[in-house]
Each structure stands twice: as C-alpha cells, then as structure tokens.
Amino acid sequence: MKCKRILSLCLCSSLLLFSLAGCGAGTGESTKASADTAPQSSTASAGSAQQPAGSAAAVPDADKPAPAPQPEKPSSETPAETPQNTLPQGDKYMAITFDDGPTGNEGGRTERLLDGLKARGVHATFFLCGYRVKDFNSMMDRYLVEGHEVGNHTMDHIRLDTKTDDGGYAQVSATNDLIASYTGQKPTLIRPTGGAYNDAVISSMRQLGLPIILWNIDTLDWKDHDNAALIKQRIVENAQDGAIVLEHDLYEATVEGVLAAIDELQAQGYAFVTVSELAQLKGVTLEPGKVYSGFTANDTVVESGANYS
C-alpha cells in the first residue's frame, strides 16, 4: 500500500513537471513570434511613406550630414532668357526707329508691327508722342518686355526750337512722366519733332539727361505712305553697318515695307537692335544733350548749333 502511494506521488510529480515544461515552451514560442512581428510592423510603418513595400527601410546615420536640398527646377513656362537680355546676333547691325506712335489699340498698326518684329527677333526704338499715348496705350506693356526701346518724341508733336520758350523742357519732361506711368521707366532718348534743334533745345535736353537721336536713312514714308515697295527699297539700298533708319508706325505701307526689308537684310547678315544697343556695339557712350545721327564711319557727334528740317 505504501509502495502504491509512493508510485502515485511520483506519477503526479512527473505529470506536473511535464505540464510546466509544456507551458514554458509555449510561452517561448509566443514570445519569439511577438519579437519577430513587432519590428516588422514598426519598420513597415516608418518606411511606408518613403519607399515601396518590400524594400529595406532606410536607417538614418547620425554621423552623416543630411543631404543638401536639391534646387528647384525652373518652370517650363519661365524662359531662361527673355528678349530684353538677348541681343540679336549678326555680322552687321542697324537700328530701326519709329516716330509718332502708338497707332491704334488691339488690332491696330502698332500691334501688327510689334507682332512682326517679335516673329523676326528684331529690337527697335519707338519715339512716342504723349498725346498719342493718351489715346492708344494698350500696347505700352509690350515694348520693353519684347526688347524694344521707348524714346520721347514730345507731348504735342511741336517744334521745340521755334514753338517753345524753354527749349522744349516742359514738353519733354511731361512726356517722360506719362510714358513712365505705363512702362515703369522714363525714356532715356529724345528725338525732337522734325529733327529740329538749337542751342536752347540742346541745353534743355542736357538738363533732362537725354541724348538727341536723329537718323541717317530716311524712308520718306510720311510722303510715300502708300508705297510699301518704295519704303523697302530705300531701306535695303541704303543699308550700312551702324545706320539709324527713320520711319513712322502710322501707315500700313510702313509696316509692310519695313518687315519685307528686314527679311531681305537679315538674309544678308544684318541684325536689328535698339539705338542704345547699337551705340554700345559701336563703342559709343551716349551723352545728354549731344546729337547723334548714326554710328557709321561717316557720322559725327554734334554738341552745339542748330538743325532746321
């Protein structure tokens, strides 16, 4: 009987030990499973926003500096260069100039002229009259943006040498302010009406800081304003490196004639720039109150005297 009890106790102890061993093994598996899945879950969560599933998570290295930020790529809508800072290139250079504008608003002659110049990569100088700017100003935001130069041609298109008693100071100063109210910049050049000047005009323009710009090729489009072929011919036949051409964006024949002349002369290696650009290309510093007719080998600078045209 005593032996049976001892055997029974031994059996119970063995069962108890076996049971405890089984519980311990189960706990170890559970712990291992938990240890394996928890980091995976954590890694996936941390890397899910940076890389695709299945790739190794990037671990920051405290000893390495953070990568430098990459510069933003320029928008495809923003050109690297604008007409303002891109000088037309050629073997020879001329300046095309237009007086007495603007003419018309949307759909007008000045707009058609600007469209034609832009299509050909041409810079030009426009000497504007104040009274015309008051009536036709819808193109004022195009001149400078498209690489052109805006000059002063008086407020009322009057002779500064004979019709003013201040050498044109008030006429020109008021026009400068008016043009600047549209373009944000005052003109830096003056072309007196008819190209006429005297010592009083020279003195007033010197005070205003404006060089006086005339021309050495006259298309006479004011007279032959219905003959585009003749206007073109006068430009092409008299073309020379450093020349300044006079025209008026008042006439349809002028728009047609000048664009045709530009096409022919560009094929001959000419490029068309503003008066100020032409002066710079020829090594000339424009000075206030001095008179310039062109920048060819035959042109001279006038500092005093009179010109009546």
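Described in the following lines is the structure provided in the data block.

All right, on to the side chain of Thr110 then. With respect to the element layout, Thr110 can be found in helix H2 (residues 109–120). From its side chain, Thr110 meets the backbone nitrogen of Thr103 in a polar contact 2.8 Å long. Setting aside chain neighbours within four positions, we find Thr110 in contact with Pro102, Thr103, Met139, Tyr143 and Asp249.

This part is about the sheet that holds strand S4 (residues 212–213). One open sheet accounts for three strands, arranged S4-S8-S9; its pairing is mixed. The open sheet is flanked by S4 and strand S9 (301–302), the only strands paired with a single partner. Note: S4 against strand S8 (residues 291–292), two bridges, orientation parallel. Paired with Ile212 across the strands is Val291, a residue of S8.

Further remarks concern the pattern of salt bridges. Going through the model one piece at a time under the given rule, you end up with 13 salt bridges. Between Lys232 and Glu264 there is a salt bridge, and its shortest N-O distance comes to 3.0 Å. In this pair, Lys232 sits in helix H6 (residues 228–238) while Glu264 sits in helix H7 (residues 252–267), placing the two residues 32 residues apart along the sequence. Classification of Lys232 by relative accessible area gives partly exposed; the value is 26%. Of the residues examined, Glu264 reaches a relative accessible area of 32% and is grouped as partly exposed. Residue Glu287 pairs with Lys290 through a salt bridge whose shortest N-O separation is 3.1 Å. Assessed through its relative accessible area of 34%, Glu287 is described here as partly exposed. In the salt-bridge network here, residues are joined through shared partners; they are Arg109, Arg112 and Glu252.

Attention now goes to the pairing of strand S7 (residues 270–273). Every second residue of S7 is oriented toward a common face, with Tyr270 and Phe272 on one face and Ala271 and Val273 on the other, all of them buried. Bridge count for strand S1 (residues 92–101) against S7 is four bridges, and the pairing is parallel. Its bridge partner being in S7, Ala95 is matched across the sheet by Val273.

On to unusual backbone geometry, then. Residue Pro102 follows Gly101 across a cis peptide bond; omega there is 0 degrees. Looking at where Pro102 falls in the secondary structure, it is placed in the loop between S1 and H2. A positive phi angle is found at His157, which is not glycine, with a value near 55 degrees. Residue placement: His157 occurs in the loop between strand S3 (149–152) and helix H4 (169–183).

What counts as what
- Per chain, residues are indexed from 1 in the order of the written sequence.
- Predicted model: local features are reported for residues with pLDDT of at least 70 only, side-chain atom pairs are reported and counted for 80 or more only, and whole-chain, interface and lining totals are derived from all residues.
- To obtain the side-chain values, all non-hydrogen atoms of the structure were used and water was disregarded.
- Numbering goes from the N terminus for both helices and strands, where a helix is a DSSP run of H or I of at least four residues and a strand is a run of E of at least two.
- We define a polar contact as two N or O atoms separated by no more than 3.5 Å, with the added condition that, inside protein, one atom must be a possible hydrogen donor and the other a possible acceptor, whereas residues neighbouring each other in sequence contribute only through side-chain atom pairs.
- The contact criterion used throughout is that any non-hydrogen atoms of two residues lie within 4.5 Å.
- For two strands to be treated as a pair, DSSP must find no fewer than two bridges joining them.
- The term salt bridge refers to a side-chain nitrogen of Lys or Arg lying within 4 Å of a carboxyl oxygen of Asp or Glu.
- Relative accessibility decides the category of a residue: with a 1.4 Å probe and only protein chains considered, values under 20% of the type maximum give buried, values over 50% give exposed, and everything between is partly exposed.

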